[in-house]
Amino acid sequence: MSIKKPPPQLEERFTAPPNWTTGTFTRHGRCVHFGGVVPANTPPKATVICLPGLSEFSEKYYEIAREMLARGMAFYVIDWVFQGRSMRHHKNPHKRHSHGFKEDIADLHMMISEHTPSELRTKPLIMLAHSMGGHIGLRYLHHYPDTFKAAAFSAPMIGILGLKPFPAPVARSITTFMRRFASSLYGPGTGDWGVGTRAFPGKDGFSSDPVRGAVHNAWCLHDKALQVGNITWRWLHEARRSCRLLRRKSYLSAIKTPCIVASAGHDLLVDNDEISRAVELMPHATLLKFPKAYHEILMERDEIRGTFFEAFDQLILENI
């Protein structure tokens, strides 16, 4: 399948690496898009499975795909349903809806087990996950403990910072009520995609790097199919319920995959206290704190993401 020409204003490192391929599959009526690339001249020593965050898309991870190829590894990334080039909300493609996080886990498992090239499934699998993708990834490790050799998480969504001020019973009552009576409506203060959410790259709370921070909007302006608005009440309801499940001591302590887990000191979206607590409960997890980073650690300045990927390389060295 062909891909569209990248925005001309982006540097080459943010464009599709040579031989990038894409595919789709359907599971229970859910059409899922994914992309990937394999080293051209040598068998890969491992395969990195990338799990993006809320509203993200495969194209945003081309730089990391190129970096994984340079390490001799294959790279595959999934577009979650309701974002990227996967299936969208039937009435408004901007709405970031949800059918429940267990459906995302099932989509991911089908991509890995049936749509990743068979020769790659014999290689060690490494998870690289950000934010909401980290949440889904942690739950995947709980359900399928033998699939991945190791996992690296950037600001995983274990708790939602916007819900933190509300007592748990209050948050539960509000989201349950709205899920029942206004499931597909946007959550409070949200709406369709607009350039204003990331209008000031390097100063908008996502990344302090003005170049990497501009990549998200550059792609959305280039291709309207990638634009995603904000969350619906159903997404918020499902996320709250799933976070509650994930935070259980017995659930986290059962995740025995070797992991590195990074938190951003200036994170405005996920709860760093819950990240720290989770790492204490996971028997083979190491916490990396980046006091100067914003939420998108993988899109941060070189000195921040460089330290993250040094730990990533060490994780792989120790586990494959």
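With that settled, the discussion passes to unusual backbone geometry. Only a minority of non-glycine residues have a phi that is not negative, and only a minority of peptide bonds are not trans. Non-glycine residue N19 carries a positive phi angle of around 70°. Structurally, N19 can be placed in the segment before β1 (21-27). At S131, a residue that is not glycine, the phi angle is positive and equals roughly 55°. Tracing the backbone through its elements, the reader meets S131 in the loop between β5 (125-130) and α3 (132-143). Overall, the relative accessible area of 7% leaves S131 in the buried class.

Another point: the side chain of S207. Within the element layout of this structure, S207 appears in the loop between α4 (168-181) and α5 (215-222). In terms of polar contacts, S207 uses its side chain to reach the backbone amide nitrogen of D209, at 3.0 Å. A polar side-chain atom of S207 sits 2.7 Å from the main-chain carbonyl oxygen of M299. Not counting chain neighbours up to four residues away, the residues in contact with S207 comprise G202, G213, Y294, E296, M299 and E300.

The next thing to look at is the sheet that holds strand β3 (residues 47-51). Ordered by their spatial adjacency, 8 strands build an open sheet running β1-β2-β4-β3-β5-β6-β7-β8, and the pairing between neighbours is mixed. This sheet does not close on itself; its edge strands, each paired only once, are β1 and β8 (285-290). Averaged over all pairs of adjacent strands, the angle between strand axes in this sheet comes to 20°, irrespective of strand direction. Note: strand β7 (residues 259-264) against β8, 6 bridges, orientation parallel. Counted as the bridge partner of C259 is A285 from β8. Relative to the sheet, helix α1 (residues 62-70) contacts β2 (30-37), β3, β4 (74-79) and β5, its axis offset from that of β4 by approximately 155°.

Looking at the secondary structure, you find D107 in helix α2 (residues 101-115). On the basis of relative accessible area, D107 is assigned to the buried category, the value being 1%. With residues up to four places along the chain from it excluded, the contact list for D107 reads F25, R27, R30, V32, I78 and V81. Among the polar contacts listed, one links the side chain of D107 to the side chain of R30, at a separation of 2.6 Å.

Further remarks concern the pattern of salt bridges. Counted by the stated rule, this structure contains 24 salt bridges. For R30, the salt bridge is made with D104, and the minimal N-O distance between the two is 3.3 Å. Of the two residues, R30 sits in strand β2 while D104 sits in helix α2, which places them 74 residues apart along the sequence. The residues R30 and D104 share a single accessibility class, namely buried. Its salt-bridge partner being R241, residue E238 comes within 3.7 Å of it at the nearest N-O pair. In this pair, E238 and R241 both sit in helix α6 (residues 233-246), 3 residues apart, roughly one turn of the helix. Its relative accessible area of 9% is what places E238 among the buried residues. Salt bridges here are not isolated pairs; linked through shared partners, they connect E11, R13, E63, E67, D209, R212, D302 and R305.

Thresholds, definitions, all that
Residues numbered from 1 in each chain as written. Predicted model: local features only at pLDDT ≥ 70, side-chain atom pairs only at ≥ 80, totals over all residues. Heavy atoms only, no water. Helix = DSSP H or I, 4+ residues; strand = E, 2+ residues; numbered from the N terminus. Buried < 20%, exposed > 50% of the residue type's maximum accessible area, 1.4 Å probe, protein only. Polar contact = N/O pair within 3.5 Å; in protein donor to acceptor, adjacent residues only side chain to side chain. Contact = heavy atoms within 4.5 Å. Pairing = 2+ DSSP bridges. Axes fitted to C-alpha atoms, helices over the stretch in contact; angles between N-to-C directions. Salt bridge = Lys/Arg side-chain N within 4 Å of Asp/Glu carboxyl O.

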